[in-house]
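# Observations on chain architecture
These are the residues of each chain, in order.
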Amino acid sequence: MAIVFNEITQKIKLSTKNTSYIMEIVKDEFLAHVYWGKKIDDYYGSNKIMYRDRGFSPNIFEEDRTFSLDTLPQEYPQYGNGDYRPCAFQVSNDENSTYNDLRYVRHEILSEKPKILGLPSSYGENIQTLKITMLDKIIGLEVNLYYSVFEDCDVITRRATFKALKNELTLNKMLSASIDFRRDDFDLISLYGAHNNDRNIDRRELTSATYVVESTRGASSMHQSPFLALISKDGNENYGDVYAMQFVYSGSFHSSVHVDQYRNIRMQMGLQPFDSNWILNAGEIFETPEVVLTYSDTGLEKMSSQLHQFVRQHILRGEWKDKPRPTLINNWEATYFDFTEEKLLDLAQEAKDVGIELFVLDDGWFKNRNSDGTSLGDWIVDTKKLPHGVEWLADKINEMGLKFGIWFEPEMISEDSDLYRAHPEYAMQVKNREHIYGRGQFVLDLANNEVCDYVINSISEVLDTGKIDYVKWDMNRHITNIGSLHLNIKNQRETMHRYMLGLYKITDTLVTKYPKILFESCSSGGGRFDLGLLCYMPQTWASDNTDAVCRSKIQYATSYMYPSLVTGSHVSVCPNHQVGRVTPLNTRFNIAMCGNLGYELDLTLLNEGEKAEIKSQVEFYKEVRDLIQFGDYFRLINPFERNEYAVNFVSENQEEVLAIYMKVLSEPAAPFHILKLRGLDENSLYKDYETGEIYSGQELMYAGISIANVKQDFYSRYWYFKKHLPKR
Ligand code: DGJ
């Protein structure tokens, strides 16, 4: 049983394969957090909550000064009746009172995971869910807390729903999860970045303060990822407690870690409360998105392995869930906006010759789109560039033996577009305010259903041709002018969340209507790499930066949360377009092959030697594709800490192993390093694919492989091993 209630102790225990989560109903009406961590089969209450009269901590009961919500470890804390730490929610009523007093009323154990209306969410068979009902009788607020237990991958998801029982209520803050730890011996890990520098690792000591990781941009963003991890101070890849939270949402979010006066930690995540609220009419319900929680008792590697498994089993869905991803050529860095039919066909032919499987026509194919300042919203072919149209081009490319994919940026509108000339009201805007430009464009008001229908219909017209196998769904600016002409004045602060609901309605409709198409999401690279969009689009372009050195870091940090199966990564030309670096072709490949491999350069300009090299790269990638896309992933050397990078992949049955190594800069008097692999079968022998040499799994993991000291910057190599069965 994943969820058990002990009536005598009033404790509810949630169990996954390796973890337990325990809460307690205190004094019949307060929901306290008791434990989350390594699995405890028989729990009798050794870590009982200690009560004590603490100065300046308010008391609910006059006669009991030891009981204060300010010191009680809680499941869903509120502000107004005693707890001064950050609250999980705040609701005001029609008298503008923000005093909230939710009390536990009852709970149910459901044998399934209820769907969340209009929002992406995880799914699975036989997922038990705990539903806890809490009530503030005075203002007429019902809150239901949902905990769904994914036993197989040691994940619990949490969310909340709000219902106005009698009068209108305003939701000012409505986070999805809050957890109180009775300890503070953690470091905090979060991921930060920028365009072309999408994800970096930040690890910091916690002192007495509140640490906030958030986005107010209308997108989950590459600036701060919707991810937090608390790690034991001495924790690392393979050691220590790790508690991680991740948000299943693609818009603005808020997460925080608060260290209180008694050195307890409160960790929270949910919708961004700043500049946003939601009006609930009597009888209406508001549902928050889901937060994913996972605990590892042995460091970050296990945390990632649990999260990767969760993404693969319970987030991805549909036709492409378990399908190997095709190798692709994308014309963006090869041509930008400047191409002709002939040029594209030449590029496609070269791609076919080196074994690539999918041709992706990027930005610039639609009416008058010769720069990034025009035409978004007019999804009609530019006959000056493509006189025979998209269908004809797709047919030609199919005839060569390649699949055909196309780029859209469906959420945007250019000022210089037929759509804007006909419908200026479709742009998100604040009355009497000038538009703010971002990449020269405005954002469509997806809080308006009519606009959503326009997007669905205009994109469908292209997809209905039946010639499209892949869609790159781009989004290249963040939201300003936050307002909707479609909403009442009173509801203006709902615009950001309503935008996301509109986006999810569009993506849900399109992926359901076109189940065979492989959708890849993109936002100037990995600007919306999140679990929300992964529910609809099973892969994401990780960064616009294709430089091998930068990518090694971006992909390393990305792997904290996401498996390589969902991570798009391409080989591009040198000098690199983002940082100007020149790296060897084999290094560009070795790093790009750690995800879904693509090429994004003008193959027609390469010499025969380079083409031959790419041909053998593609051939090799196809051989190891299942191992990379569906195998287990291990981080070996952290490029944020060293002048080197290394990872290895191991197939599920441990039959195959691929290790990838890069040394960034050559060094004088460099030590000889050894690379210790992980995840192999201890009791088996492995054969080096290149040399034919045989090694034991034990020695590859514990003694390691000697790495040559090569006098070359950006040196890299891989080792591919297959299990070897000795002849008897
Ligand atoms: C940003 C994307 O990240 C790029 O790959 C490319 O598609 C451009 N947009 C096109 O405008």
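Right, let's walk through the structure included here. Only a predicted model underlies this, so the values are computations on that prediction, with no experimental measurement involved.

## Focus on the overall build of the protein chain
Summing up its helical and strand segments, the protein chain has 12 helices and 38 strands in all. Taking 2.2 N^0.38 as the reference for a compact globule, 728 residues should give roughly 27 Å; the C-alpha atoms of the protein chain span a radius of gyration of 27 Å, in line with that estimate. Going through the 728 residues of the protein chain one by one, you find that 62% of them count as buried. For the protein chain, the share of sequence-separated contacts (at least 6 apart) that also reach a separation of at least 24 residues comes to 69%. Carbon together with sulfur atoms contributes 48% to the accessible area of the protein chain, which is approximately 28,100 Å² in total. Mean positive and mean negative side-chain charge positions of the protein chain (79 and 103 charges, respectively) differ by 3 Å.

## Digging into the packing of aromatic side chains
Evaluation of the coordinates by the stated rule reveals 42 aromatic pairs. Here Y695 and F721 contribute two aromatic rings whose centre-to-centre distance is 6.3 Å and whose plane-to-plane angle is 80°, an arrangement assigned as edge-to-face. Of this pair, Y695 sits in strand β36 (residues 694-696) while F721 sits in strand β38 (residues 715-724); the two residues are 26 residues apart in sequence, bridging distant segments of the chain. With relative accessibility at 1%, the residue F721 sits in the buried group. Connected via pairs of aromatic rings, a cluster forms that spans Y21, W36, Y147, F181, F186, Y243 and Y295. In this structure, R54 packs its charged tip against the face of Y262, placed 3.9 Å from the ring centre. The ring of Y146 carries R159 above its face, with NZ or CZ at 4.1 Å from the centroid.

## Points about the sheet that holds strand β2 (residues 11-15)
Spatial ordering of the open sheet is given by β1-β2-β3-β4, a layout of 4 strands whose pairing is antiparallel. Each edge of the open sheet carries a strand with a single partner, namely β1 (3-6) and β4 (30-38). Mean inter-strand twist for the sheet, computed between neighbouring axes without regard to direction, equals 15°. Across 4 bridges, the pairing between β1 and β2 is antiparallel. Following the sheet pairing, I3 is matched in β2 by L14.

## Points about the state of the cysteines
As used in these notes, a disulfide is a covalent bond between sulfur atoms, one from each of two cysteines. Taken as a whole and assessed by the stated rule, the structure comprises 0 disulfides. Looking at C522, it has no disulfide partner, and the nearest cysteine sulfur is the one in C550, 17 Å off. Overall, the relative accessible area of 4% leaves C522 in the buried class. Here C535 is not disulfide-linked; the sulfur of C153 is the nearest cysteine sulfur, at 13 Å.

## Quick notes on the sheet that holds strand β29 (residues 567-572)
Whenever strands of a sheet pair, they do so through backbone hydrogen bonds, lying parallel or antiparallel. With parallel pairing, 8 strands are arranged side by side around a closed barrel as β21-β22-β23-β26-β27-β28-β29-β30. In this sheet, adjacent strand axes meet at a mean angle of 30° when their direction is disregarded. Here 3 bridges tie strand β21 (residues 328-330) to strand β22 (residues 358-361), and the two strands are oriented parallel to one another. What sits directly across from N330, in β22, is V360.

## Things to note about the pairing of strand β30 (residues 596-600)
It is a general feature of regular strands that their side chains alternate between the two faces of the sheet. For β30, the tally of buried residues reaches 5 of 5 residues, placing the bulk of the element in the interior. In β30, alternate side chains face the same way, and those of N596, G598 and E600 on one face and L597 and Y599 on the other are all buried. Bridging between β21 and β30 involves 2 bridges; their strand directions are parallel. Bridge pairing in β30 links L328 to G598. Examined bridge by bridge, β29 and β30 share 5 bridges and lie parallel to one another. From the neighbouring strand, G568 faces β30, where its bridge partner is N596. Regarding the hand of the β-α-β motif, the stretch spanning β29, helix α10 (residues 585-592) and β30 is right-handed.

## Thoughts on the environment of L117
Of note, L117 is situated in the loop between β6 (103-110) and β7 (129-136). Distance from L117 to I25, taken between C-alpha atoms, is 29 Å for residues 92 residues apart in sequence.

So, how was this worked out
- Residues numbered from 1 in each chain as written.
- Predicted model: local features only at pLDDT ≥ 70, side-chain atom pairs only at ≥ 80, totals over all residues.
- Heavy atoms only, no water.
- Helix = DSSP H or I, 4+ residues; strand = E, 2+ residues; numbered from the N terminus.
- Rg over C-alpha atoms; globule rule 2.2 N^0.38 Å.
- Buried < 20%, exposed > 50% of the residue type's maximum accessible area, 1.4 Å probe, protein only.
- Contact = heavy atoms within 4.5 Å.
- Areas by Shrake-Rupley, 256 points an atom, 1.4 Å probe, with all protein chains shown as cover.
- Lys, Arg positive; Asp, Glu negative; His and termini not counted.
- Charge placed at Lys NZ, Arg CZ, Asp CG, Glu CD.
- Phe/Tyr/Trp six-rings, centres within 6.5 Å; stacked < 30°, edge-to-face > 60°.
- Lys NZ or Arg CZ within 6 Å of the ring centre and 35° of its normal.
- Pairing = 2+ DSSP bridges.
- Axes fitted to C-alpha atoms, helices over the stretch in contact; angles between N-to-C directions.
- Disulfide = S-S within 2.5 Å.
- Right-handed = clockwise from strand over helix to strand, strands pointing away.

Keep in mind these numbers describe shape, not what the thing actually does.
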